[in-house]
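Inside the fold
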Protein chains: 2
Amino acid sequence: MSTTIHTTGVTVAIDARRLWERHMTMAQIGATPKGGVNRQAFSPEDGRARQLLVAWARELGLTVSLDAVGNLYVRREGSDPTAAPVLTGSHLDSQPTGGKFDGAYGVLAGFEVLEAIQHGGVTTRRPVELVCWSNEEGSRFQPGCMGSSVFTDKRQLSEFLTDTDKDGITVGAALQATLAATPDVAQRALGFEVAAYLEAHIEQGPILEAAGIPIGAVTGVQGSRRYTVEVLGEEAHAGTAPLKTRKDALKAAVAMIHALEATMADETDTVRFTVGRFDVAPGSPNTVPSRAFFTIDFRHPEQEVINRLTGQIEPVCRAHARGCDVIVTRLSDVAPTPFDRAIIQTVRQHAGRLGLQHMDILSGAGHDAMYMATVCPSGMIFIPCTKGISHNETENTRPEDVAAGARVLAECMVDLANR
Amino acid sequence: MSTTIHTTGVTVAIDARRLWERHMTMAQIGATPKGGVNRQAFSPEDGRARQLLVAWARELGLTVSLDAVGNLYVRREGSDPTAAPVLTGSHLDSQPTGGKFDGAYGVLAGFEVLEAIQHGGVTTRRPVELVCWSNEEGSRFQPGCMGSSVFTDKRQLSEFLTDTDKDGITVGAALQATLAATPDVAQRALGFEVAAYLEAHIEQGPILEAAGIPIGAVTGVQGSRRYTVEVLGEEAHAGTAPLKTRKDALKAAVAMIHALEATMADETDTVRFTVGRFDVAPGSPNTVPSRAFFTIDFRHPEQEVINRLTGQIEPVCRAHARGCDVIVTRLSDVAPTPFDRAIIQTVRQHAGRLGLQHMDILSGAGHDAMYMATVCPSGMIFIPCTKGISHNETENTRPEDVAAGARVLAECMVDLANR
């Protein structure tokens, strides 16, 4: 490989301060009082974030386009007009009380790479593209990674467009409202050939920071399954109905979760078992609830453990139903994803050449790269985040790590674009 | 006593069919698809219900008035202009998924009594008044029995007016918006002398129906205490944060409720322990919840048991906090209420004279009569409801029981108004 010249040119053109300030500017959109962001998928804030990215891209003279699920692309042409592009990116949507870096880092580091390539006058054979995927978080509309999963399997689109949020608003309607913020962006066909995909992201865990290492070469993503459990009992008066005659949906749901905690007990603390949402109806203090609804998010690196433990979810819920009806629904099933060996090696190599310490790491969180891994060689670069805290308004990272990750990303993208 | 003539006159004038149809007409306001009503306190539906009652009262030539907390009065004058009135009534607000009869029965039976007195040309010494109390249910704005408790203790008013619902709307603002539906009703001072209070209500329990008895002479109301429990943990990413490092507010709340169930266990099934509301934040499936909030409604007929068991609530919650902060707040504390012996005897007597089977019964639910019992001789009349179901859209009762209760109420009110 003869990437030495490109390496130097593009790395030098990465502007650490500009990149950090773009994070601060982007974080003003949906800013929360505690310093985080609330920029949920297909919200007005999502629209304003897209607007800002489009404006920055046009300042640089780059082409922007949008596909049918709202994935937003920024393209810098290569020397070979027929070559498939290399793609980098992540997402700009956030959790309801999310941080400044989850997702935004991959988009802004990718944009910094485009700007460095442009300003550095670097020529690549393949086009280099940045993507901002739609609805990665999946908090308002489930499932998450909606943009990348539709990119890799178009058949899902029509089904997702009719999904609704808690207020009955469809994905289709919310998407149209959001896209009204960027009305003059060209439409692009959904799904196209990609030569390679590389996503930068904060680790969202404590490992890199604890090891004092700025670059993680991500070897893969643990598997996950998501479920909803609906418990249907019978409303009754809190003052009169004897407890033995009740079909109390809340108490049944509490018993289920309590029992599932015992089922999921794991000495090694590798199992990730989370109940993130829990609703009851009618939700009045003096009425016995007739309906309880909760979500289960289960993750583990080993398929065998995933199968064995999630196989217990429905039987355990049924065993604690206390006369209520129970509907257990599996929303998603993502197998553990190994990333492409050549991409992992490329990350290690360029980090080494830049004199940056690096280590292999497994991703605890799901990412759009999991879906891209099904259609092209894919990988990820992790940088540390403070105390491993993420999905939290206090989420933070260090400017020097932000810059280091962008430099490795820049080298890798130029390298991949010349293969 | 020489109530024989009055008895006959007013009982004959009770129109069972009109009374039943008024229930069906009123139930159209806030009607739900499953045949119930959603007519929450200080909602537009509450306003329309008040409008309908005012229109009916004016058709009869009766005086209507409103006090500062929105309690609505309909008055028929007596022969002694200086005498304190006798009062009957209940409430027109409902649970979010409530039934047609809870509260509405006491208001409509009371109105039927006024109409029967009016049409029957019956003269009473004291004025007879109907009251529709504000916010008995306490589901949108806590606490319930707001109208009657403010009537009996005016000092609470200013505090209640600034209380907010889940969306941050104050009682004061919602009350003003509701009262805009009846702009031309005269204002009346809050709290006045009442000679006696008698409230008709469906039992909301299974006892009368099971016994095949149409009239319950209510001897008192069990005591109740309401609490909120707020659990404050720490948000974290569902995929990455090891379970041992989490401060999971939801799982702590689940452990608390599970432990409280054991604490409240009662062989005799007399304890009423209900968790009716349970919220988590941020409520995203892939974020560990940082906040959980739930309500506790506890009731029992014996003060000693109330003290002993509710005294365990805070220690049990603290013991299961799992590193989270816990804030236990007592919202209300209502001692068991015995009703006035003379009023109970009056109900028994007139039921007997009308040839209706009756029995003494304790109320499991709280009612506005509990508050009135602190300022005047008070009591209640229960009629059966189907399967004891209440706070439920399928709540039902039989037209013949509705009429029987109104006849006993009419006799009692005329009797009390002549004492």
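**A look at the overall build of chain A**
Of the regular secondary structure elements, chain A holds 14 helices and 17 strands. Buried residues in chain A amount to 57% of all 419 residues. Summarising the internal contacts of chain A: among those between residues at least 6 apart in sequence, 79% fall at separations of at least 24.

**As for the relation of the copies chain A and chain B**
A rotation about some axis, followed by a shift along it, carries one copy of the chain onto the other. You can overlay chain A on chain B at an RMSD of 0.1 Å; the transform is a turn of 180 degrees with a shift of 0.0 Å along its axis. These values place the two chain copies in the arrangement generated by a two-fold rotation axis. Of every C-alpha in chain A, the one belonging to Val254 of chain A sits nearest the axis of rotation, 2.8 Å from it. Interface overlap between copies is the fraction of interface residues in one copy that are interface residues in the other; for chain A against chain B it reaches 98%, indicating a shared surface.

**Some details on the interface of chain A and chain B**
At the interface, 56 residues of chain A touch 55 residues of chain B. In terms of residues, the side of chain A that touches chain B owes the most to one element, helix α9 (residues 249-263) of chain A, which gives seven residues. Broken down by class, the residue content of the side of chain A that touches chain B amounts to 20 nonpolar, 26 polar and ten charged.

**Digging into the environment of Ala83 of chain B**
All names here are of chain B. With respect to the element layout, Ala83 can be found in the loop between β2 (72-76) and β3 (86-91). Residue classification places Ala83 among the partly exposed residues on the basis of 17 C-beta atoms within 10 Å. The spacing of Ala83 and Pro127 is 44 residues in sequence and 7.3 Å in space, taken between C-alpha atoms. Once residues lying within four places of it in the same chain are set aside, the contact partners of Ala83 are Gly78, Arg125, Arg126 and Pro127.

**Describing unusual backbone geometry**
Residue and element names in this part refer to chain A. With an omega of 0 degrees, the peptide bond running from Ala281 to Pro282 counts as cis. Along the chain, the position of Pro282 falls in the loop between β11 (278-281) and β12 (287-288). The backbone phi angle of His391 is positive, close to 50 degrees, even though this residue is not glycine. Structurally, His391 can be placed in the loop between β17 (378-383) and α14 (399-417).

**With respect to the packing of helix α2 (residues 16-26) of chain A against α14 of chain A**
Residues and elements named next belong to chain A. At a minimum axis distance of 9 Å, the contact between α2 and α14 shows a crossing angle of 110 degrees. Comparing the axis directions of α2 and α14 gives the class roughly perpendicular. Where α2 crosses over α14, the handedness of that crossing is right-handed. Here Ala16, Leu19 and Trp20 of α2 lie close against α14, whose contacting residues are Pro399, Val402, Ala403 and Ala406. Each residue belonging to the contact of α2 with α14 can be placed in one class, and the counts come to seven nonpolar, no polar and no charged.

**Some points on the pairing of strand β4 (residues 128-133) of chain A**
Residue and element names in this part refer to chain A. Taking burial as the measure, the six residues of β4 include six buried ones, the bulk of the element. Of the two faces of β4, the one lined by Val128, Leu130 and Cys132 and the one lined by Glu129, Val131 and Trp133 are each fully buried. Inspection of the sheet shows strand β2 (residues 72-76) paired to β4 by five bridges, in the antiparallel sense. Along β4, the bridge assignment pairs Leu72 with Cys132. Across six bridges, strand β3 (residues 86-91) lies against β4 in parallel orientation. Across the sheet, Gly89 pairs through a bridge with Val131, a residue of β4.

**Quick look at α9 of chain A**
The end-to-end C-alpha distance of α9 of chain A is 21 Å, a good match for the 21 Å that 15 residues give at a rise of 1.5 Å each. For α9 of chain A, the full list of buried residues reads Ala249, Leu250, Lys251, Ala252, Ala253, Val254, Ala255, Met256, Ile257 and Leu260 of chain A. Of the surrounding secondary structure, the elements contacted by the buried residues of α9 of chain A are β8 (223-232), β11, β13 (291-300) and α11 (313-319) of chain A together with α9 (249-263) and β11 (278-281) of chain B.

**Quick notes on the pairing of strand β6 (residues 196-202) of chain A**
Residue and element names in this part refer to chain A. Extensive coverage of β6 is indicated by the burial of seven of its seven residues. In β6, alternate side chains face the same way, and those of Ala196, Leu198, Ala200 and Ile202 on one face and Tyr197, Glu199 and His201 on the other are all buried. Sheet topology places β3 next to β6; three bridges connect them, and they run parallel. Following the sheet pairing, Val86 is matched in β6 by Ala196.

**Let's talk about the environment of Leu53 of chain A**
Residues and elements named next belong to chain A. You can see Leu53 is positioned in helix α3 (residues 44-59). Note on Leu53: 22 C-beta atoms within 10 Å, which makes it buried. Through-space distance from the C-alpha of Leu53 to that of Arg22 is 9.9 Å; in sequence the pair is 31 residues apart. If sequence neighbours within four positions are ignored, Leu53 has contacts with Leu72, Val107 and Cys132.

**Description of the environment of Ala292 of chain A**
Residue and element names in this part refer to chain A. Tracing the backbone through its elements, the reader meets Ala292 in strand β13. Considering only alpha carbons, one finds Ala292 and Leu232, 60 residues apart in sequence, at a separation of 6.7 Å. Residues contacting Ala292, with those up to four places away along its chain left out, are Val231, Ala249, Leu250, Ala252, Ala253 and Val280.

**Structural notes on the confidence of the model for chain A**
All names here are of chain A. Residues at a pLDDT of 70 or more form 98% of chain A, whose mean pLDDT is 94. Note on residues 1-7: pLDDT is under 50 here. Beyond four places in sequence and across chains, it has six contacts. Confidence metrics for the complex model read pTM 0.69 and ipTM 0.70.

Each value, and the rule that gives it
Residues numbered from 1 in each chain as written. Chains lettered and ligands numbered in written order. Predicted model: local features only at pLDDT ≥ 70, side-chain atom pairs only at ≥ 80, totals over all residues. Helix = DSSP H or I, 4+ residues; strand = E, 2+ residues; numbered from the N terminus. Buried ≥ 20, exposed ≤ 12 C-beta atoms within 10 Å, placed from the backbone. Contact = placed C-beta atoms within 7 Å. Least-squares fit on C-alpha atoms with pLDDT ≥ 70 in both. Nonpolar A, V, L, I, M, F, W, Y, C, P; charged D, E, K, R; others polar. Axes fitted to C-alpha atoms, helices over the stretch in contact; angles between N-to-C directions. Parallel < 35°, antiparallel > 145°, perpendicular 65-115°, else oblique. Left-handed = near helix turned anticlockwise from the far one by under 90°. Pairing = 2+ DSSP bridges. Expected span 1.5 Å × (residues − 1). pLDDT = per-residue confidence, 0-100.

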